[in-house]
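# Descriptive structure summary
What follows is each chain in one-letter form.
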Amino acid sequence: MSASRIRPGLPRSLRSFPTVAFGLLCLGLFFVGQGTLDTGPASEAHSGGFKPPPPKPPPPPPPPPPPPPPPPPYYPAPGGAVTPGLRPPEDPTTPGPQPDPTNPTPTTPPPTEPGDPTPGSPDAPIPPTTPSEDPGDAPTTADPESGDDPSTPPPEGGTPTTPTPQPTPLPTPANPSGTTPGNDAPTGRRPGGRTAPTGPGLDSWQTWWRLNRWQYLPSRAEVLRRKAERAPITGTGDPSAAWEKRRALLARTIVVPTLSRIVDPAARARHTQLGSALIALAKVTHDPKHFQLFMRYARHAQAHPEVRESAALAVGLMRRTNRDHQFDIKVLDQARADLDALVGDKTLDDRTRSFAAISLGLLGDQPYGSGLAAHGVLVTRALWRCLQAEYAGDDLPVALLTAIGMQPPEGVGDSIRQQLQRIAFGHRVFKRKWSDAQRAHALTTRLRLGGGGWSPLLMRVLASRKVPTAVRRAAFVGLSARADELSREERLAGAQAWMRGYKAAKDPQSRGLAWIALGRLLRADLATKDYDVLLQTDAAPRLLREAEHGPVPTRGFAVLALAIAGSAESGDLKDALTFHGNARRVLREGLAKPRGGDAMASPYAVGLGVVQHKGAIDTLRTALDDRGRLPELRGNAAISLAQIGDARPDVLRSIHAAVLDRSRIDVRGEAAFALGLLGGTREVFMLTRELSAKGVSAYVLLHTAFALGQLGELSAVPALTSVIDGKAHRVRAQSIAMIALGLICDPEERPSLSRLRFDANYTTATPSLIAALDII
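Here is a short report on the structure shown in this document. Small disclaimer: the values here were computed from a predicted structure and weren't measured.

### Some points on the overall build of the protein
Check the secondary structure of the protein and you find 34 helices and 0 strands. Scored against the burial criterion, the 776 residues of the protein give a buried share of 57%. Summing over all exposed atoms, the protein offers an accessible surface of approximately 32,700 Å²; the carbon and sulfur share of this is 56%.

This is the structure in structure tokens:
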């Protein structure tokens, strides 16, 4: 048989190549036997008969592949407590057991698991980070249905190695990852390999809505009333009272013992679990001894920084609005004294001190003792004294200013108000200059405290073209926060100052916040039926025009502002009735025929829920049912249907279908939340069972736990407890379950940190403040 038949693709000139190669190989073996191919030192020393030529330089290595884009920065929010999508639920480091805060002396017990750092060592090495779980916490085999494949990025788009304290965009809850998840699991890419867009940043209307939306959602009492109407139970009475009785029982018998076991130093919990348990325990405990436990962890020099920060913030989360749940005044005053010492401790890092200052602000609405302690006088003086020192960055000064602004106004003297005003205008106070961020927060604090002279101050800032952009934004935030408390004359003066400030504002974020402030002023004007802003200014037509035809960067803000203004009752005045009708028309048409696609339809869907427009139910339901539309739009449509509150069969079917849609887990989480707001029970029970299912995606768990926690769904407590105690669940799943327990059994109508989130000056927020805003 010819060679061409054996090797049909071999050229004729190379058909004898095997024979030649074999001969060369034999010749080489012969020289090896003679030792003449030795190129080592022995050959050179003995003047061998054959010296090989110097080796050719190795070819240059190929250029390294371009590094992957850095993951979006995030903040190690204390305790890992997160609003969905604000921080990856896994921890980027390999955590070790926490030391005993009652015994600060460093010890060196043996590691608990292979690869763990030495327990109690704050300098334990950090291994290369991967999106997978901590070693030893879960099987390494990826579940393709769970979305937890270690080789794929987590929902946030990546796991950073070392968290950097830089301000970060806050994504919208409807799409926490800032991506467009496809089937089965969230990914960072769209079908066809196109990279999904990043999440909305600080200058987006979504961020403002995420921080403030709880003000416009049904209260817990309303949700419980709806549930009682849809699923009547035996007996009569107030649903809220019955819920509170059961909540207290579960907290006392299950939740507090479970969390206390984790925060016990003897448990040697990982720092991600320990931080989450500290935050959750602070929300549900009634034991004053936990104050001291939190403080010991906060002071412990060998504890992980995240644990110290969580403990410092946990003290402030023990605030209670209901007098029946509040701690004794002596306990609160002692907690404030301990926090004051923590803020002034220069041996601690600034982040821990910043969280201690924020805790002092959170406790500002709790009872005070008598004498100088009354109305927070001593606390305010202590905070102001710390503010006189000069710091390297903005973190601690901004936290101090925020805490002062949360104290009782009657406890803040006029001299402090005057100094805050001077700082806002850039004057040298305490013989030093102040950064733009510090000036902005000084102005926000001054406006929050109120008192005489605030109106001229606001007009000067808004009308001035020389103030920094951050200070002008703070003025709009402060005007928005005070709108409901203003007198008739002050509202009109504020609207007139707004006109001058809007002309001076050039960037989209400043103008966006300006529209929110105008919407708040107009709503207060309509709610009180004074109609001065409506009739004596052009606020209403300007707002309508901007919401309908404004530029894309600010139109979302204007739409929300229009909805806020239109949410007040119109009264009998013809001009007010006309404005309400026009507002609903603009919102309805903006959703049905958006100018700019689905991305611009989303704020109109939110607005229809804020005004509770029943005539838009079919339009909202159509948007929810259409799987081809953006997940953010569908999620907002579900929440708006819940805000309207009409639980008719076709609405429930649409939301129910979205809950069961496993291909869109981001929409599924918002739909579950909406279903609970409407009083649904069967589907919520179905989601509760999934909490304890083996292999459930952490992304789904995060959405489900958030929805059930915000609703106070007490039936989920056993399932969440089984997640915490079960060895089959991962560390991040257990941490999420702890946070959900704190949410569910929190006696507060709204989470305590909502006091910090509502109308926050988040545009110039520092790392600590943003981390606190990220926590529920």
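### A look at helix 17 (residues 469-482)
In this model helix 17 runs 20 Å from its N-terminal to its C-terminal C-alpha over 14 residues, within 8% of the 20 Å that 1.5 Å per residue would give. Across the 14 residues of helix 17, 13 count as buried, placing the element largely inside the fold.

### Some thoughts on the nonpolar core
Trp208, Trp498 and Ile655 are the most contacted members of the largest nonpolar core, which has 206 residues in total. The residues contacting Ile655, other than those within four sequence positions of it, are Leu624, Ala638, Leu641, Ala671, Ala674, Leu675 and Leu678.

### Comments concerning the packing of aromatic side chains
The full count for this structure, using the stated rule, is 8 aromatic pairs. On the basis of an interplanar angle of 20° and a centroid distance of 6.0 Å, the ring pair of Trp209 and Tyr216 is categorised as stacked. We note that Trp209, like Tyr216, is buried. When the centroid spacing of 6.4 Å and the interplanar angle of 55° are considered together, the rings of Phe430 and Trp434 count as tilted. A relative accessible area of 28% means that Phe430 is categorised as partly exposed. Taken together through their ring pairs, the aromatic side chains of Trp384, Phe430 and Trp434 make up a single cluster. Sitting above the plane of the Trp434 ring, Arg432 keeps its charged end 3.6 Å from the centroid.

### Brief notes about the pattern of salt bridges
Per the stated rule, a full pass over the model turns up 32 salt bridges. With a shortest N-O distance of 3.1 Å, Arg351 and Glu309 are connected by a salt bridge. With Arg351 in helix 11 (residues 350-362) and Glu309 in helix 9 (residues 305-316), the pair connects residues that are 42 residues apart, well separated along the chain. There is no split in this pair, since Arg351 and Glu309 are both buried. The partner of Asp507 in a salt bridge is Arg473, and the shortest N-O contact between them spans 2.7 Å. Here the residue Asp507 occupies a position in the loop between helix 18 (488-504) and helix 19 (508-527), and Arg473 occupies one in helix 17, the gap between them amounting to 34 residues. One network of salt bridges, in which partners are shared, links Asp618, Arg621, Asp625, Arg648 and Asp650.

Cut-offs and rules
Residues numbered from 1 in each chain as written. Predicted model: local features only at pLDDT ≥ 70, side-chain atom pairs only at ≥ 80, totals over all residues. Heavy atoms only, no water. Helix = DSSP H or I, 4+ residues; strand = E, 2+ residues; numbered from the N terminus. Buried < 20%, exposed > 50% of the residue type's maximum accessible area, 1.4 Å probe, protein only. Areas by Shrake-Rupley, 256 points an atom, 1.4 Å probe, with all protein chains shown as cover. Expected span 1.5 Å × (residues − 1). Core = buried A, V, L, I, M, F, W, Y, C linked by side-chain atoms within 4.5 Å. Contact = heavy atoms within 4.5 Å. Phe/Tyr/Trp six-rings, centres within 6.5 Å; stacked < 30°, edge-to-face > 60°. Lys NZ or Arg CZ within 6 Å of the ring centre and 35° of its normal. Salt bridge = Lys/Arg side-chain N within 4 Å of Asp/Glu carboxyl O.

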